[in-house]
Amino acid sequence: MQIEFDNAFLRELPGDPEQGPRVRQVPGAAWSRVDPTPVAAPRLLAWSPEAAALVGLDAADAADPAFAQVFAGNALLPGMQPWAANYGGHQFGSWAGQLGDGRAISLGEAVGGGGRWELQLKGAGQTPYSRFADGRAVLRSSIREFLCSEAMHHLGIPTTRALSLVATGEAVVRDMFYDGHPRPEPGAVVCRMAPSFLRFGSWELPASRGDPALVRQLADFVLRHHHPQLAGQGEAGHGEWFAQVCERTAAMVDGWMRVGFVHGVMNTDNMSILGLTLDYGPYGWIEDYDPDWTPNTTDAQGRRYRFGTQAQVAYWNLVRLAQALSPLFATAAPLEAGLQRFADAYERARRATVAGKLGLAVADGDDVALFDQLLELLQAGQVDMTLFFRGLDGLDPAAPDIGVVDAAFYDPDARAAVEPRLRQWLARYAARLAADPLDAAGRRDTMRRHNPLYVLRNWLAQEAIDRAEQGDLGGVEALQEVLRRPYEEQPGRSHYASRRPEWARQRAGCSMLSCSS
Ligand code: AMP
Ligand code: MG
């Protein structure tokens, strides 16, 4: 197994003079050199051929015993120079100071395949940023990160990728409900990949410390490697870059809203500067439609990171980034213009999403209003979001019948309460379709490209986790396979396109998740 590395992050950005995991504040540096802590018995549980191909690896590499060793953190390939990144962040609305990679360790930047891919182990042991924690990750959350990263990619939503899932053969102690009942759980390491893992918090930390030079170095690093057409243009280049970060963030959140994804912890340290979905923790998927739902029990009180407000939260986070970047600008005008680009891009993206989900050639303001009325009915009727939109493409505009969405209802009473209004809505929608330039085939095709049939429903992930904890990886493999083609109906796989079963309603891991991972 061979990978070509070019670790520009270490070469071009200032580092911490001290090496190793002693917990400390690290001023004036973007990274600290620290090696992964070896684990007892690495065993490869799953890997992604699609992600592997991006760094020039294939099935023969995955079959090599060295693969599990390297991606557990027990061995280094030539060119790897492990580091933990330094960053801060706003957590649940409050400035949290230095955070950094407390359990993520980057191995290097692979450049031999397609583009630049930072390879990063999550759960690889302690770093200077581990604070009071162990630097490890449990199997259940590692399975969730592995499966969801690749699922999001196949859904067409910008995301970090996942190369591998390796069991460590070691136990990790977690108090899953923070209720004083810690228990040992199997540990695992995921190797994730991104062109860069820099986050909004990477700029907030040096800005908070009055270090504008590092703010600038980090910005110029990203421009050089990820926006080369904007590099070397001074303030104009920085302004356009910030605006593009805003636009990418808007596109990402619009993707989440289209498929019913709730991130769950949109702290600024979990916001990628490249607009990638980053840090799969207590995320979840909307089943019965509810914009107020958050899967994150840690956030159950304030519900800051609920589904329906993700765009507003992204904007709030971008304002924090703008403040951190202000040393790069003589006036606030370019930053204000960038924030406006978020609002414009989100509005445009949402219209396109509404058109796609409803099967219209283009959506205007009236269509968006029609869509919003539908969302209210879906909420009132406790209707499964994914199954509703997949059923809707079977509607005959000449004879609209609610039967096409029968599979989407959870509760007969809730259905009865909303059914008259839903029938009226379907009639209005049918009339709108009759006036649309798309023909029936074009409409169905559009809807099937915007409305996935298979998403990583929380209880599906939990079923796979339960089996994996018993040593059976069949559930993980099956989900990985189904989620490769989320928009395509797959014969014999209706289980993966089913409403949440009753057992999952209150089961931990399905309806509620803590940050304990
Ligand atoms: P998260 O909520 O996963 O984004 O993590 C927030 C911060 O806590 C980051 O700085 C993480 O690196 C750190 N962190 C989370 N879990 C652990 C752990 N088990 N060991 C060390 N640091 C951790
Ligand atoms: Mg994080």
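Residues numbered from 1 in each chain as written. Chains lettered and ligands numbered in written order. Predicted model: local features only at pLDDT ≥ 70, side-chain atom pairs only at ≥ 80, totals over all residues. Heavy atoms only, no water.

## A word on the overall build of the protein chain
In step 1: From N to C terminus, the protein chain includes 16 helices and eleven strands.
In step 2: Rg of the C-alpha trace for the protein chain: 23 Å, near the compact-globule value of 24 Å for 517 residues, within the 12% margin.
In step 3: Considered along the principal axes of its C-alpha atoms, the protein chain spans approximately 70 × 60 × 45 Å.
In step 4: Going through the 517 residues of the protein chain one by one, you find that 58% of them count as buried.
In step 5: Relative to all contacts within the protein chain whose residues are 6 or more apart in sequence, the contacts with residues 24 or more apart total 72%.
In step 6: With an accessible surface of roughly 19100 Å², the protein chain has 52% of that area assigned to carbon and sulfur atoms.
In step 7: One way to put it: in the protein chain the 50 positive side-chain charges average out to a point 1 Å from where the 62 negative ones average out. (Helix = DSSP H or I, 4+ residues; strand = E, 2+ residues; numbered from the N terminus. Rg over C-alpha atoms; globule rule 2.2 N^0.38 Å. Buried < 20%, exposed > 50% of the residue type's maximum accessible area, 1.4 Å probe, protein only. Contact = heavy atoms within 4.5 Å. Areas by Shrake-Rupley, 256 points an atom, 1.4 Å probe, with all protein chains shown as cover. Lys, Arg positive; Asp, Glu negative; His and termini not counted. Charge placed at Lys NZ, Arg CZ, Asp CG, Glu CD.)

## Examining the packing of aromatic side chains
In step 1: This structure, assessed with the given rule, holds 17 aromatic pairs.
In step 2: Ring centres of F261 and Y280 lie 6.1 Å apart, and the angle between their planes is 65 degrees; this geometry places the pair in the edge-to-face category. You can see F261 sitting in strand β10 (residues 261-262) and its partner Y280 sitting in the loop between β10 and β11 (284-285), a full 19 residues away along the chain. For the pair F261 and Y280, one class covers both residues: buried.
In step 3: Across from the ring centre of W316, 4.2 Å away, lies the NZ or CZ of R320, which sits over that ring.
In step 4: Of note, R415 hangs over the ring of F409, and the distance from its end group to the ring centre comes to 4.3 Å. (Phe/Tyr/Trp six-rings, centres within 6.5 Å; stacked < 30°, edge-to-face > 60°. Lys NZ or Arg CZ within 6 Å of the ring centre and 35° of its normal.)

## Let's talk about the site of ligand 1
In step 1: Around ligand 1, a shell composed of 16 residues is seen, among which G100, G102, R131, G135 and D279 lie nearest.
In step 2: With respect to ligand 1, the side chain of R131 contributes an N or O atom lying 2.7 Å from an oxygen atom.
In step 3: Note that a nitrogen atom of ligand 1 is positioned 3.1 Å from one of the side-chain N or O atoms of D134.
In step 4: Protein contacts shield 81% of the accessible area of ligand 1, which totals 480 Å² for the unbound molecule.
In step 5: Among the residues making up the shell around ligand 1, the classes are represented as two nonpolar, six polar and eight charged.
In step 6: Split by domain, the shell around ligand 1 shows at least three residues from each of two domains, domain 1 (8-197) and domain 2 (201-355). (Near = heavy atom within 4 Å. Polar contact = N/O pair within 3.5 Å; in protein donor to acceptor, adjacent residues only side chain to side chain. Nonpolar A, V, L, I, M, F, W, Y, C, P; charged D, E, K, R; others polar. Domains from an automatic or database assignment.)

## Things to note about the pattern of salt bridges
Two side chains carrying opposite charge are able to pair once their charged atoms lie near each other.
In step 1: The tally for this structure, following the rule as stated, stands at 40 salt bridges.
In step 2: For E240, the salt bridge is made with R341, and the minimal N-O distance between the two is 2.9 Å. Of this pair, E240 sits in helix α8 (residues 234-259) while R341 sits in helix α10 (residues 333-358); the two residues are 101 residues apart in sequence, bridging distant segments of the chain.
In step 3: Residue R341 is classed as partly exposed on the basis of its relative accessible area, which comes to 26%.
In step 4: Taking the shortest distance from any N to any O, the salt bridge between E502 and R505 comes out at 3.3 Å.
In step 5: Within the structure, one salt-bridge network assembled from shared partners comprises D6, R11, E12, E109, R116 and R224. (Salt bridge = Lys/Arg side-chain N within 4 Å of Asp/Glu carboxyl O.)

## Let's talk about helix α13 (residues 412-434)
In step 1: Compared with the 33 Å implied by 1.5 Å per residue over 23 residues, the 31 Å span of α13 between its first and last C-alpha is a close match.
In step 2: The sharpest bend along α13 reaches about 50 degrees and sits at E419, with the proline P420 one to four residues further on.
In step 3: Elements that come into contact with the buried residues of α13 comprise α10, α11 (365-380), α12 (385-392) and α14 (440-450). (Expected span 1.5 Å × (residues − 1). Bend = angle between axes of the 7 residues up to and from the residue.)

## Some words on the nonpolar core
In step 1: Grouped together as the largest cluster of nonpolar side chains are 127 residues, with contacts concentrated most on W203, W241, I273, W285, L325, L358 and F388.
In step 2: A per-element tally of this core places α8 first, with ten residues.
In step 3: L358 has contacts with D367, F371, L374, F389, L392, W425, Y429, L433, R443 and M447, leaving out every residue within four places of it along the chain.
In step 4: Of all hydrophobic cores here, the second largest spans 31 residues; its members include M80, L107, L119 and M193. (Core = buried A, V, L, I, M, F, W, Y, C linked by side-chain atoms within 4.5 Å.)

## Side note on the domain arrangement of the protein chain
In step 1: Split by domain assignment, the protein chain resolves into domain 1 (8-197), domain 2 (201-355) and domain 3 (364-435).
In step 2: Inter-centroid distance (C-alpha atoms) of domain 1 to domain 3 is 43 Å.

## Focus on the coordination of the magnesium ion (ligand 2)
In step 1: The magnesium ion (ligand 2) binds to the protein through N270 (OD1) and D279 (OD); the donor distances cover 1.9 to 2.2 Å. With respect to burial, N270 and D279 carry one shared label: buried. (Donors = N, O, S within 2.8 Å, 3.2 Å for Na, K, Ca; no water.)

## Focus on the packing of helix α5 (residues 139-155) against helix α15 (residues 458-469)
In step 1: With their axes 10 Å apart at the nearest point, α5 and α15 run at an angle of 130 degrees to one another. Compared by their axis directions, α5 and α15 come out oblique. In this structure, α5 crosses over α15, and the sense of that crossing is right-handed. Along the contact surface, α5 presents L139, R140, I143 and R144, while α15 presents A461, I465, A468 and E469. (Axes fitted to C-alpha atoms, helices over the stretch in contact; angles between N-to-C directions. Parallel < 35°, antiparallel > 145°, perpendicular 65-115°, else oblique. Left-handed = near helix turned anticlockwise from the far one by under 90°.)

## Quick word on α10
In step 1: For α10, which comprises 26 residues, the first-to-last C-alpha distance of 38 Å matches the rise-based estimate of 38 Å (1.5 Å per residue) to within 8%.
In step 2: Backbone geometry just downstream of α10 places G359 in the positive-phi region, at approximately 75 degrees.

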